[in-house]
Every structure is written in C-alpha cells, then in structure tokens.
Amino acid sequence: MGSRQMQELGCATTDYADRLLIADGRLERLNEDCGGRVGATLAIPELLDIVVKAREYEQCLSRQFTAIEDGQRVSAWVEVEPKGGRETGCSIRVLAWHSETGLESAGREKQRHRGELLCLLSDLSLRIDQSDRILSVVRASSELEGVEEAVGANVGQKWTGIFSFPDRAAGQTGSGETPKPLICSFSPTGQELTAFVENFERREGDGAPSAIHFFAKRAPLSQSQTPTGTPSIGGDLASVLRQPINRIIANAETIRTQLAGPIGAQYSDYAADIASAGQHLLALMDDLSDLAIVEADNFSTAPDRIDLGDVARRACGILRVRARERSIELDPPPAGESQPAIAEFRRVLQVLLNLIGNAIRYAPEDSRIWVRLDASGGMAMVTVADQGLGLTAAEQVRIFEKYERLGEGEDGGTGLGLYISRRIARAMGGDLTVESAPGQGARFCLAVPIAN
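Heads up: these notes are all about the structure in this document. (Residues numbered from 1 in each chain as written. Predicted model: local features only at pLDDT ≥ 70, side-chain atom pairs only at ≥ 80, totals over all residues. Heavy atoms only, no water.)

### A word on the overall build of the chain
No. 1: The helix and strand inventory of the chain stands at 10 helices and 18 strands.
No. 2: Entry remark: accessible area of the chain is about 22900 Å², with carbon and sulfur atoms responsible for 48%. (Helix = DSSP H or I, 4+ residues; strand = E, 2+ residues; numbered from the N terminus. Areas by Shrake-Rupley, 256 points an atom, 1.4 Å probe, with all protein chains shown as cover.)

Have a look at this one:
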C-alpha cells in the first residue's frame, strides 16, 4: 500500500495558558458541550492533557482522545504541535473523527485488548478448538523452536497430551473473560512455561477457537550480567518504536473511520482492534520509559513552587470523562482552595493521574472519589479516597512493588504505576502512602515539602 497524506478534518489554536483561541465548528461545538468557550481554558479533558504535554515537553504529539457530546462517545485522532516553546501555545489538527451512538461493552473491549497484547508479547501461541485439538501454532521466540516443531507435528491432536499442568486436572483450561497465568511444562523435555488461556467469544452459533499463549521462563539478569551497550525498551528503543506505532494507529483510525473509502463493518472493527492494541503498546512503553528513568542512579526532579490544589483540579479535569463513563462522581478540591508546595509540577500531575485513574478503575459504579488537600509536619499533602473494596495490610505493601496490580482479574495495566509514583514522590523529598481496610475503600496520600 502506498503512502497517503492524512486528510485534516478540523483545526484549533491555543495560547500559552492553554486557552482556546480559534476552533473550527466541530471542535468548538465539542468544547462548548464540555462546558468551555473560545477565550477560556480548553474544556475537552483528554485533549487538554495532550496539549499540556505537547507544550511542556516541546514536542509534536499524535494521540487519540475521547469525549462525550450530546450523549454520544466521540473518538478523535489529533496532532498537536507547540508553536515555539513552553511559553507559547499549540496548533491542533484533527486527522480522524468518529461518533458512536452507544458505548461498547467494556468487558468485551478489554477481552479483545488482552488477547491482542498476549499474542504480540508471547513466545508461542496455539489455537485450539472446543475439543482441545490443536489447530495451529505460531512461534515468536527461538527459545521455543523445539516446542513449535513438536506441537506442529501434533496438529489435530489434543494439546493436553503435550503440555501438563501440575496443579490442574488435564483439560481444565479455565473460563471467563480474563486470561489467568498458569504454570505448566512441556512434557517431552520438562521445560517450564507460563501459559495464558484465552476463551474467545462464540459467534453465530459456531464455536470460535480459543488461544493459549506461552511465555518461556527466564532467569533474571543481574546488573553484571547485562551486556554493555544493549538497548532497552524503556530507554533506547522507546523513541524508535513510538513513531511507527503512532503511524500504525493513525492509519488504522483512517481505515476505521472510512476516510480512505467505504469498507465492510468487520474490517472497520479489525482496524479498531489494531488501533486499540497500538495504544496499549504506547502505554506500556510509557511505563517502561518512566521505569528506566526513575531507577537511574542520577534520577532527580526539578522542584519549583506549585499549588497542589491547582494540580489536583487539573488532574480531575483530565479524568472527568472517564469517571463519568463509569457513573462515578469525581470530587476535586473546591475552586480557590490552595496548598503551596515545593515539587515538580509535571511529576505531581503524573502521580495524581495514576492515583485518580486507579481509583476510577477499581471503584464501583455510582460511587464517589474525593481529592482533598492537607498539611502536617512540614509536608503538603493531597489525598485520593475512593469507595472501593479496600486493601488488606499485606496488599497495602504489595501494591507498591513492581508489576503488582490492585485487583485480580482486572485490567490493571503493567503494575508499574504505583511503584513509579512512589519513586517520584521520594525523589521530590516526599512519599506516597496508603490507608485502607477491606470493605472501606482506600486513601492514597501524596506528600511533598510544603512551601513557606
């Protein structure tokens, strides 16, 4: 397929304070529906987040944002370019725009995303039918070349004759929407693997195949074992991978919204799946990049005098649409309430977005999330409290470890957010703590030095 310049569907301009100066009819109407107007701060929360990042990082960003307009979900792909540095505004170009009359089932959407990511990241994947017979095998890692050959020679046979699960009965592969990690072994060699069994939805009365994704067990490398000069995803490769992935997402959105011409509904759905998987990969790379930064020996922050109340209200504004989609009331600090602190603005915003985002993800629908300010012992504090299931004492310790998630069977991302957030808080001379009890929700408190 030859290259194709993406059609611009709309444009807008913001100033150094992220106020909307000019907007075409489509963006202006959406901004008004979100409670804004020309001359005031951009009111579309997720778009505002992209604009702020583009201006502060002085980088052109291509991202998707979503919003609600007249009860419809709007998904748009935009390119935001700073006009000359942090003290100037940005130009916004809309490259794709799509409105949906109803919100797709969150569970079904998450299930597809998990399957896409597992397939992309796994070392070996099998497709099996309803009788556990092997339909096909795909290998992505040279470590499992022998496994692929053995499985390929047994296509049409039951896969349970080749793999064994010591803690499970043969043939019991699990059920439900969320793939579960299972320790298994490759019977001919005894090689230990981790498997995720994915049950695909059934279509039109015909059983669609299930998939099993295998990951080879690898011993972690110590620092002395790591080859010198080896590129890392979090550092060297992230910037290289980001551009082609952004291009894949943008082209998939062009196909999904039929800008390149009419296509069948099923192909539009395929393109949406590709775009969603790409967005998940970008989020994964963001977390890995942050992990590489905060674990570096020379990691430091750029402290400045900030207002925690202003940062907290901005974070709530960015995530308000996501909360509304789950019928959750997001209660920020009252307008005008201030709490001066010494910290880096963008790092505090990053931590609060993680805390509030987690609260929205795990709190029950029709509940409430509070964001409150406080000060004690020379520390300025902002607390995010929810009405979720709460955490045991052991869980309160475990969730700050790498790759640990808040809940079983939930779409909890990479499990790096709280670990990174605590490292950032401590680098700013503060801390991130949690108070909770089962059935009583959770209160995450970010503390940074107070400004006198």
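### Points about the packing of aromatic side chains
No. 1: Applying the stated criterion across every chain yields a total of four aromatic pairs.
No. 2: On the numbers, 4.4 Å between centres and 20° between planes, the contact of Phe163 with Phe214 is stacked. In this pair, Phe163 is assigned in strand S8 (residues 163–164) and Phe214 in strand S11 (residues 210–216), connecting sequence segments 51 residues apart. With respect to burial, Phe163 and Phe214 carry one shared label: buried.
No. 3: Arranged with centres 6.3 Å apart and planes meeting at 65°, the rings of Phe400 and Phe444 form a pair that is edge-to-face. Taken together, the residues span a long stretch of sequence, with Phe400 in the loop between helix H9 (393–398) and helix H10 (417–427) and Phe444 in strand S18 (residues 442–449) at a distance of 44 residues. (Phe/Tyr/Trp six-rings, centres within 6.5 Å; stacked < 30°, edge-to-face > 60°. Buried < 20%, exposed > 50% of the residue type's maximum accessible area, 1.4 Å probe, protein only.)

### Re the pairing of strand S3 (residues 61–69)
Every other side chain in a regular strand lies on the same face of the sheet, so the side chains alternate between the two faces.
No. 1: Counting buried positions along S3 yields seven of nine residues, so the element is predominantly enclosed.
No. 2: Sheet topology note: the S3/strand S4 (residues 72–82) ladder contains nine bridges and is antiparallel. Bridged to Glu69 within S4 is Gln72. (Pairing = 2+ DSSP bridges.)

### Quick notes on the environment of Ala425
No. 1: Residue position: Ala425 is located in helix H10.
No. 2: In the structure, Ala425 is positioned 81 residues away from Glu344 in sequence and 9.8 Å away in space, judged by C-alpha atoms.
No. 3: In contact with Ala425, not counting residues within four places along its chain, are Gly430, Asp431, Leu432 and Leu446. (Contact = heavy atoms within 4.5 Å.)

### Some thoughts on the sheet that holds strand S16 (residues 379–385)
No. 1: Reading across from one edge, S13-S15-S16-S18-S17 is the order of the five strands in this open sheet, with mixed pairing throughout. A strand with exactly one partner marks an edge of an open sheet, and here the two such strands are strand S13 (329–331) and strand S17 (431–436). Here the average twist between neighbouring strands, direction ignored, is 20°.
No. 2: Sheet analysis places S17 next to S18, joined by six bridges and oriented antiparallel. For Val434, the partnering residue across the bridge sits in S18 and is Phe444.
No. 3: Along the sheet face, H10 touches S17 and S18 and points at about 130° away from the line of S17. (Axes fitted to C-alpha atoms, helices over the stretch in contact; angles between N-to-C directions.)

### As for empty space enclosed by the protein
No. 1: Counting across every chain of the model gives one cavity of 30 Å³ or more.
No. 2: Its volume calculated, the largest cavity comes out at about 40 Å³.
No. 3: Lining the largest cavity, in full, are Leu48, Val52, Arg314, Ile318 and Leu349.
No. 4: Of all the secondary-structure elements, those providing two or more residues to the lining of the largest cavity are helix H2 (45–57) and helix H7 (308–325).
No. 5: Residues that form the lining of the largest cavity fall into these classes: four nonpolar, no polar and one charged. (1 Å grid on protein atoms, 1.4 Å probe; cavity = no way out; pocket = protein on both sides within 12 Å on 5 of 7 lines; lining within 4 Å. Points joined across faces, edges and corners; volume = space filled by probe spheres on them. Nonpolar A, V, L, I, M, F, W, Y, C, P; charged D, E, K, R; others polar.)

### With respect to the sheet that holds S8
No. 1: Across the sheet, six strands lie side by side as S7-S6-S11-S10-S9-S8; this open sheet has antiparallel pairing. One side of each edge strand has no neighbouring strand; the edge strands of this open sheet are strand S7 (134–139) and S8.
No. 2: Sheet analysis places strand S6 (residues 124–128) next to S7, joined by five bridges and oriented antiparallel. What sits directly across from Leu126, in S7, is Val137.
No. 3: Taken strand by strand, helix H4 (residues 145–152) contacts S6, S7, S8, strand S9 (181–186) and strand S10 (191–198), and its axis lies near 160° from that of S7.

### Topic: the side chain of Ser75
No. 1: In this fold, Ser75 is placed in strand S4.
No. 2: When near neighbours in sequence (up to four residues on either side) are disregarded, Ser75 contacts Gln64, Phe65, Thr66, Ala96, Trp97, His98 and Arg256.

### Focus: the side chain of Ser421
No. 1: By the element assignment, Ser421 lies in helix H10.
No. 2: What makes Ser421 buried here is its relative accessible area of 4%.
No. 3: With sequence-adjacent residues up to four places away left out, Ser421 is seen in contact with Val351, Asn354 and Leu432.

### What to know about the pattern of salt bridges
No. 1: Applying the stated criterion across every chain, the model contains 14 salt bridges.
No. 2: A salt bridge links Glu329 to Arg368, with the shortest nitrogen-to-oxygen separation between them at 3.8 Å. Of the two residues, Glu329 is situated in strand S13 and Arg368 in strand S15 (residues 368–376); the sequence distance between them amounts to 39 residues.
No. 3: Between Glu344 and Arg346 there is a salt bridge whose closest N-O contact spans 3.0 Å.
No. 4: What emerges from the salt-bridge pattern is a single network uniting Glu329, Asp331, Arg368 and Arg372. (Salt bridge = Lys/Arg side-chain N within 4 Å of Asp/Glu carboxyl O.)

### Some remarks on the packing of helix H8 (residues 345–362) against H10
When two helices pack together, their arrangement is given by the angle between their axes and by how far apart the axes lie.
No. 1: The N-to-C vectors of H8 and H10 enclose an angle of 145°; their axes lie 10 Å apart at closest approach. In the packing of H8 onto H10, the handedness of the crossing is left-handed. Facing Arg347, Gln350, Val351, Asn354, Leu355 and Asn358 of H8, the residues of H10 in contact are Gly417, Leu418, Ile420, Ser421 and Ile424.
No. 2: Residues of the contact of H8 with H10, tallied by class, amount to five nonpolar, five polar and one charged. (Left-handed = near helix turned anticlockwise from the far one by under 90°.)

### A closer look at the nonpolar core
No. 1: Val348, Leu352, Ile356, Phe444 and Leu446 are the most contacted members of the largest nonpolar core, which totals 50 residues.
No. 2: The element best represented in this core is H8, accounting for 10 residues. (Core = buried A, V, L, I, M, F, W, Y, C linked by side-chain atoms within 4.5 Å.)

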